[in-house]
Amino acid sequence: MSVAAIVPAAGRGERLGPGVPKALRLLGGAPLLVHAVRALAGSVQVGLVVVAAPPHDVADVRRLLADHQVGASVVVVAGGESRTESVALALAALPPEVDVVLVHDAARPLVPVALVDAVVAAVHAGAGAVVPGVAVSDTVRQVAPDGRAVATLDRSVLRAVQTPQGFRREVLVAAHAAHAAHAAHAAAPGAGATDDAGLVELVGGEVLVVPGSPEAFKVTTPIDLDLAEAVLASRGIGGLLR
């Protein structure tokens, strides 16, 4: 099967503070996006990476990835106003021979190559949609709008979901088509989904959860960036964890 990866990177990432878009924030001297694309390209399974960039920054992102020699065939397209839009635009740019699609957050720059391979392997084994997940270590309480705790959830059955998420192409395309067809309605598929696996679930698809990695954490706030710097430094030259 031919495998391509999509990286939606058109968002601003306001929680990381003012400045350039989050995907272009520096980590160890290179943008988060560069680290994420390098990790995807580190898998021998991935033949193409399509990046959905901020519309006004497409040329700059294209030059940036070329300058950093990320080690993959890369296509840069203009992203949309939402993550879902950006993924849909990148999907449309994939060549017809691609059978398996990964969707990966640029904000998870330190994902191990072994996790990328594991997600692809699960799709190759027959799953239509695959997400990596890690066990929840904190106690999780359900809270009412007024702040009252109403339930304590069983964390043994909970997983914090990561990326890359993997899909058979036809499964992901169908989920996005259903979302687009109902986008004008208040109860549109995708209204309650925060990722592409959520879109698949909303149209009745099954999602397989495979073990994730602590190092595939998401850089959302300044303290996450500090942690990422420490992890990157611990890896030494090259920065990839296989």
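Okay, so let's go over this structure. What you see is a predicted model, and the numbers here were worked out from it, not measured in a lab.

Quick word on unusual backbone geometry
Proline 164 follows threonine 163 through a cis peptide bond whose omega is 15°. Here proline 164 is to be found in the loop between strand S10 (159–161) and strand S11 (165–168).

Here we look at the pairing of strand S7 (residues 129–135)
Counting buried positions along S7 gives 5 out of 7 residues, so the element sits mostly inside the fold. With 2 bridges joining them, S7 and S11 adopt antiparallel strand pairing. The partner of valine 130 across the bridge, within S11, is glycine 166. Summarising the sheet, S7 and strand S12 (residues 208–211) pair through 4 bridges and their orientation is parallel. Bridge pairing in S12 places valine 131 opposite valine 209. Looking at chain direction, S7 and S10 are connected through 3 bridges and run antiparallel.

Digging into the packing of helix H3 (residues 83–92) against helix H5 (residues 169–181)
For the pair H3 and H5, the least separation of the axes is 11 Å and the interaxial angle reads 130°. With respect to H5, the element H3 is oriented oblique. Seen along the crossing, H3 lies across H5 with a hand that is left-handed. Residues Thr84, Val87, Ala88 and Leu91 of H3 lie in contact with H5, whose contacting residues are Arg169, Leu172, Val173, His176 and His179. A breakdown of the residues in the contact of H3 with H5 according to their chemical character gives 5 nonpolar, 3 polar and 1 charged.

Considerations on the nonpolar core
Considering soluble globular proteins, one finds that nonpolar side chains tend to be buried as a cluster. Of all hydrophobic cores here, the largest spans 35 residues; its most connected members are Val7, Leu33, Val49, Val51, Leu65 and Leu102. Those elements giving two or more residues to this core turn out to be strand S1 (2–8), helix H1 (32–41), strand S4 (46–53), helix H2 (58–67), strand S6 (98–103) and helix H4 (113–124). Tallying contributions element by element places H4 first for this core, with 6 residues. Those residues in contact with leucine 33 that sit more than four places away from it in its chain are Val7, Ala9, Ala23, Leu24, Val51, Val61, Leu65 and Ala106. Counting 22 residues, the second-largest nonpolar core is a separate cluster that includes Leu91, Ala197, Leu199 and Val200.

What to know about the pattern of salt bridges
In this structure the tally under the stated criterion is 6 salt bridges. Where arginine 235 meets glutamate 215, a salt bridge forms, and the shortest distance between an N and an O atom there is 2.6 Å. Of this pair, arginine 235 sits in helix H7 (residues 222–235) while glutamate 215 sits in the loop between S12 and H7; the two residues are 20 residues apart in sequence, bridging distant segments of the chain. One network of salt bridges, in which partners are shared, links Arg83, Asp105, Arg108 and Asp196.

Parameters and conventions
Residues numbered from 1 in each chain as written. Predicted model: local features only at pLDDT ≥ 70, side-chain atom pairs only at ≥ 80, totals over all residues. Heavy atoms only, no water. Helix = DSSP H or I, 4+ residues; strand = E, 2+ residues; numbered from the N terminus. Buried < 20%, exposed > 50% of the residue type's maximum accessible area, 1.4 Å probe, protein only. Pairing = 2+ DSSP bridges. Axes fitted to C-alpha atoms, helices over the stretch in contact; angles between N-to-C directions. Parallel < 35°, antiparallel > 145°, perpendicular 65-115°, else oblique. Left-handed = near helix turned anticlockwise from the far one by under 90°. Contact = heavy atoms within 4.5 Å. Nonpolar A, V, L, I, M, F, W, Y, C, P; charged D, E, K, R; others polar. Core = buried A, V, L, I, M, F, W, Y, C linked by side-chain atoms within 4.5 Å. Salt bridge = Lys/Arg side-chain N within 4 Å of Asp/Glu carboxyl O.

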